[in-house]
Amino acid sequence: VQLQASGGGVVQAGGSLRLSCAASGNLFSTNAMGWYRQPLGKDRELVASISRVGGRYYADSVEGRFTISRDNTKNTVYLQMNSLKSEDTAVYYCNEHPRDSFHSPPWGQGTQVTVSS
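Reading the values: rules and limits
Residues numbered from 1 in each chain as written. Predicted model: local features only at pLDDT ≥ 70, side-chain atom pairs only at ≥ 80, totals over all residues. Heavy atoms only, no water. Helix = DSSP H or I, 4+ residues; strand = E, 2+ residues; numbered from the N terminus. Buried < 20%, exposed > 50% of the residue type's maximum accessible area, 1.4 Å probe, protein only. Pairing = 2+ DSSP bridges.

Some words on unusual backbone geometry
In this chain, His-97 is followed by Pro-98 through a cis amide linkage whose omega measures -5 degrees. In this fold, Pro-98 is placed in the loop between β9 (90-96) and β10 (111-116). In this structure, Asn-75 is a non-glycine residue whose phi angle is positive, near 50 degrees. With respect to the element layout, Asn-75 can be found in the loop between β7 (66-71) and β8 (76-81). You can call Asn-75 partly exposed: its relative accessible area is 23%. Even without being a glycine, Ser-83 presents a positive backbone phi close to 50 degrees. Note that Ser-83 resides in the loop between β8 and β9.

A word on the pairing of β10
Residues Thr-111, Val-113 and Val-115 line the buried face of β10, whereas the alternating positions Gln-112, Thr-114 and Ser-116 sit on a face that is not buried. Where strand β2 (residues 9-12) lies against β10, four bridges are found, and the strand directions are parallel. Considered in β10, the bridge of Gly-9 is made with Val-113. Of the strand pairs in this sheet, β9 and β10 are connected by three bridges, and their pairing is antiparallel. Paired with Ala-90 across the two strands is Val-113, which belongs to β10.

Spelled out as structure tokens, the structure:
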């Protein structure tokens, strides 16, 4: 199983980015998916998740600014990030949710998001 996150970059505070993550078919068709992030020197955290049928969860820190969505026909999950803040700076990853260390796919390289103030 491979997960390829893309769409990161450098943006000014208040700006927007849209992240994409392509996943293998077996994983995508049977699992809820999540976007996670890991700021430099900190633990990885769940940012948002979406079930197979579209139920969504957002961390308090991104509620109202980020939108997670999925296209089941393309095996792709998206994260639209608006009103970005410097504290959103991190490497962003996608993976299944919830994630099991023993059975879930490896993290992959992630995509860097840098928000300049």
